[in-house]
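# Remarks on the overall topology
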Amino acid sequence: MLDNDLKNLNELIEQAALVAGSQKKLADLLEIAHPSLIQMKQGKRPANWRVRGGLRAILGEDPAAAFMAAMAEDLEQSEKED
């Protein structure tokens, strides 16, 4: 993951955690283990499009747009042509 991507992910996690009330509550909303969320924030674990879309939706972005944007990001970084 690029440094910019990690910084953006950290910002998303921090802002969404404020909305949720804590990182633990955020992990519960995202239906992931709290340690996994911590690893994502540290850059030790990738955050898939579902997690990134969920973070955006928690921050008030339209859910459909949030998940589509996250999927598009994954496709842009993919080395596969399809």
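Conventions used here
- As a convention, each chain's residues are numbered from 1 in the sequence order in which they are written.
- The predicted origin of the model limits local features to residues at a pLDDT of at least 70 and limits the giving and counting of side-chain atom pairs to 80 or more, whereas totals for whole chains, interfaces and linings rest on all residues.
- By convention in this description, side-chain values take in all heavy atoms of the structure and omit both hydrogens and water.
- Only DSSP runs of H or I reaching four residues or more are called helices, and only runs of E reaching two or more are called strands; each is numbered from the N terminus.
- Three labels apply to residues, based on accessible area from a 1.4 Å probe with only protein chains included: buried if under 20% of the type maximum, exposed if over 50%, partly exposed otherwise in between.
- What makes two residues a contact is simply this: any of their non-hydrogen atoms within 4.5 Å.
- To measure how exposed things are, a 1.4 Å probe is used in the Shrake-Rupley method; for residues, cover is taken only from the protein chains shown.
- We call a set of buried residues a nonpolar core when its members are Ala, Val, Leu, Ile, Met, Phe, Trp, Tyr or Cys and they connect through side-chain atoms within 4.5 Å of each other.
- Each residue gets a pLDDT score, which is the predictor's confidence in that residue and runs from 0 to 100.
- Each axis is a line fitted through C-alpha atoms, taken for helices only over the stretch in contact, and angles between the N-to-C directions span 0 to 180 degrees.
- Whether a crossing is left-handed or right-handed is set by the direction in which the near helix is turned from the far one by less than a right angle, anticlockwise for left-handed and clockwise for right-handed.
- Under the scheme applied here, ten amino acids are nonpolar (Ala, Val, Leu, Ile, Met, Phe, Trp, Tyr, Cys and Pro), four are charged (Asp, Glu, Lys and Arg), and all others, including Gly, are polar.

## Re the overall build of the protein chain
The secondary structure content of the protein chain amounts to five helices and zero strands. Reading the helices (α) and strands (β) of the protein chain from amino to carboxyl end gives α-α-α-α-α. For the protein chain, with 82 residues in total, the buried portion stands at 29%. Of all intrachain contacts in the protein chain linking residues separated by at least 6 positions in sequence, the fraction that spans at least 24 positions is 43%. For the protein chain, the exposed surface amounts to about 5,500 Å²; the carbon and sulfur share of it is 51%.

## A short note on helix α4 (residues 49–58)
All buried positions along α4 are accounted for by V51, R52, G53, G54, L55 and R56. One or two steps after α4, the chain reaches G60, where phi turns positive at roughly 105°.

## Concerning unusual backbone geometry
A negative phi angle characterises most non-glycine residues, just as the trans form characterises most peptide bonds. The residue E31 is not glycine, and still its phi comes out positive at about 60°. Assignment of secondary structure puts E31 in the loop between α2 (23–30) and α3 (34–42). Judged by relative accessible area, which is 72%, E31 ranks as exposed.

## Examining the environment of M68
Mapped onto the elements of the fold, M68 is located in helix α5 (residues 63–77). Classification of M68 as exposed rests on a relative accessible area of 53%. As for M68 and G53, which are separated by 15 residues in sequence, their C-alpha atoms are 7.6 Å apart.

## A short note on the nonpolar core
L26 and L55 are the most contacted members of the largest nonpolar core, which totals 15 residues. Of all the elements in the fold, those that place two or more residues in this core are α1 (3–20), α2, α3 and α4. The element best represented in this core is α1, accounting for six residues. If near-sequence neighbours (up to four positions away) are discounted, L55 is found in contact with L9, L12, I13, A16, L26 and L30.

## Here we look at the confidence of the model for the protein chain
Taken over all residues, the pLDDT of the protein chain has a mean of 88, while the share at 70 or more is 88%. Within the protein chain, α1 has the poorest average pLDDT of any element, 85, and α2 the best, 97.

## Details of the packing of α4 against α5
Where α4 contacts α5, the two axes come as close as 8 Å, and the packing angle between them is 145°. When the axes of α4 and α5 are compared, the crossing they make is right-handed. Contact residues: α4 offers W49, R50, R52, G53, G54, R56 and A57, while α5 offers P63, A66, F67, A69, A70, M71, E73 and D74. When the residues that make up the contact of α4 with α5 are grouped by side-chain class, the tally is eight nonpolar, two polar and five charged.

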